[in-house]
Amino acid sequence: MTAESGTHMTWNGVADMTGTEPETDGPDVPRPGVDGPGADHRSRATPELVLCAIDEPLALAWETVPEKVSGPVRVHQGSVLDIEAQALVSPANSYGWMRGGIDALYAKAFPELEQRVRSAVLASHGGELPVGEALVVPTGEPAPAWLISAPTMREPGEQLPPDTVHPYLAAKAVFTLWSTGTVETADGTYALRDVIATIAMPGLGTGVGGVAPETCAHQVAAAWDEVFD
């Protein structure tokens, strides 16, 4: 799979999770999707996480997360597409359909994105990406260059029960993928942590899934602590 920008990925768009050491030429080599004037080439222990919300209840719930975790986590009340990030999170369904909620917004902004996600799910997971796993595909644009698809539900439009742990599982999958995944580009193989400095995350399951904003915020904070602390 090749993006218009010339970037392609292993496994038909799925991050390589084999643990292979990324091939780089040193700390000053520009990294696709992240480097530019003033870029910070230091190794990152965590990404910057921007928690995004259009509606006030979710924004207020998100405000509790930076208070609970250590690291560069902040809240943006507005569109996830406003953020200067290298990656967006898609709170997807297991089949990669992007027809509702925030996924429909992504599909409109990046016309070939749904097909890329669907192809990646078919190629590496037999057509169904389980809740608790994530994959990354190129958007086809210079910025944001990547979409991380992390299902919060199996079926499109599924209503989640009040005691669901799916936001936790999805967030943990995103953070684990960032920590351990690699991508192969035209310039070589890179660790995701060296390609993605900032992740923009909308609510996980808080739209059609019906998850309470407070539940989502609490579980995302728990997932951050699980992976990074």
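As the structure is a computational prediction, the values presented were derived from the model and not from experiment.

The rules behind these values
Residues numbered from 1 in each chain as written. Predicted model: local features only at pLDDT ≥ 70, side-chain atom pairs only at ≥ 80, totals over all residues. Heavy atoms only, no water. Core = buried A, V, L, I, M, F, W, Y, C linked by side-chain atoms within 4.5 Å. Buried < 20%, exposed > 50% of the residue type's maximum accessible area, 1.4 Å probe, protein only. Helix = DSSP H or I, 4+ residues; strand = E, 2+ residues; numbered from the N terminus. Contact = heavy atoms within 4.5 Å. Phe/Tyr/Trp six-rings, centres within 6.5 Å; stacked < 30°, edge-to-face > 60°. Lys NZ or Arg CZ within 6 Å of the ring centre and 35° of its normal. 1 Å grid on protein atoms, 1.4 Å probe; cavity = no way out; pocket = protein on both sides within 12 Å on 5 of 7 lines; lining within 4 Å. Points joined across faces, edges and corners; volume = space filled by probe spheres on them. Nonpolar A, V, L, I, M, F, W, Y, C, P; charged D, E, K, R; others polar. Pairing = 2+ DSSP bridges. Axes fitted to C-alpha atoms, helices over the stretch in contact; angles between N-to-C directions. Expected span 1.5 Å × (residues − 1).

Caption draft 1: Just the nonpolar core, in detail. Counting 43 residues, the largest nonpolar core has W62, I148, F175, I196, I199, M201 and V220 as the members making the most contacts within it. Breaking this core down by element, the ones donating at least two residues are β1 (48–53), α1 (56–62), β3 (87–90), β5 (146–149), α5 (166–180), α6 (192–195), β8 (198–201) and α7 (213–228). Apart from the residues lying within four places of it in its own chain, the contact partners of W62 are L51, C52, A53, V75, M201, P202, G203, C216, A217 and V220.

Caption draft 2: Quick peek at unusual backbone geometry. Across the junction of A143 and P144, the peptide omega takes the value -10°, indicating a cis bond. Inspection of the secondary structure assignment puts P144 in the loop between β4 (135–138) and β5.

Caption draft 3: The arrangement of the environment of V121 in detail. Tracing the sequence through the fold places V121 in helix α4 (residues 113–125). C-alpha of V121 to C-alpha of L135: the two residues are 14 residues apart in sequence and 8.2 Å apart in space.

Caption draft 4: Region of interest: the packing of aromatic side chains. For the structure on display, the rule yields 4 aromatic pairs. With a centroid separation of 5.3 Å and 85° between ring planes, the pair formed by F175 and W224 is classed as edge-to-face. Residue F175 is located in helix α5, and its partner W224 is located in helix α7; the two are separated by 49 residues in the primary sequence. F175 gets classed as buried once you look at its relative accessible area, which sits at 0%. W224 sits in the buried class, given a relative accessible area of 1%. In textbook terms, an aromatic cluster arises when at least three aromatic residues are bridged by ring pairs, as seen for F175, W178, W224 and F228. The residue whose ring lies beneath R118 is W97, and the NZ or CZ to ring-centre distance is 3.9 Å.

Caption draft 5: Inspection of the layout of surface pockets at higher detail. By volume, the largest pocket amounts to about 530 Å³. What lines the largest pocket is a set of 31 residues, and nearest its centre among them are P91, G101, I102, G203 and G207. Those elements that place two or more of their residues in the lining of the largest pocket are β1 and α3 (101–109). Take the lining of the largest pocket: its biggest share by element is 4 residues, from α3. By residue class, the composition of the lining of the largest pocket is 16 nonpolar, 12 polar and 3 charged.

Caption draft 6: Spatial organisation of the sheet that holds β5. In space, the 6 strands of this open sheet follow the order β2-β1-β8-β3-β5-β4, with mixed pairing throughout. Pairing within the sheet leaves two strands with one partner each, and these edge strands are β2 (73–77) and β4. Strand-to-strand twist across the sheet, computed as the mean angle between neighbouring axes with direction ignored, equals 25°. For β3 and β5, the ladder comprises 4 bridges, and the chain directions are parallel. The residue bridging A87 from the neighbouring strand is W146, located in β5. Most of the contacts of α5 go to β8, to which it runs at about 165°, and overall it touches β1, β3, β4, β5 and β8.

Caption draft 7: Inspection of α7 at higher detail. The end-to-end C-alpha distance of α7, which contains 16 residues, comes to 22 Å, matching closely the 22 Å that a straight helix rising 1.5 Å per residue would cover. Taken together, the buried positions of α7 are P213, C216, A217, Q219, V220, A221, A223, W224 and F228. Elements in contact with the buried residues of α7: β1, α1, α2 (65–68), β2, α5 and β8.

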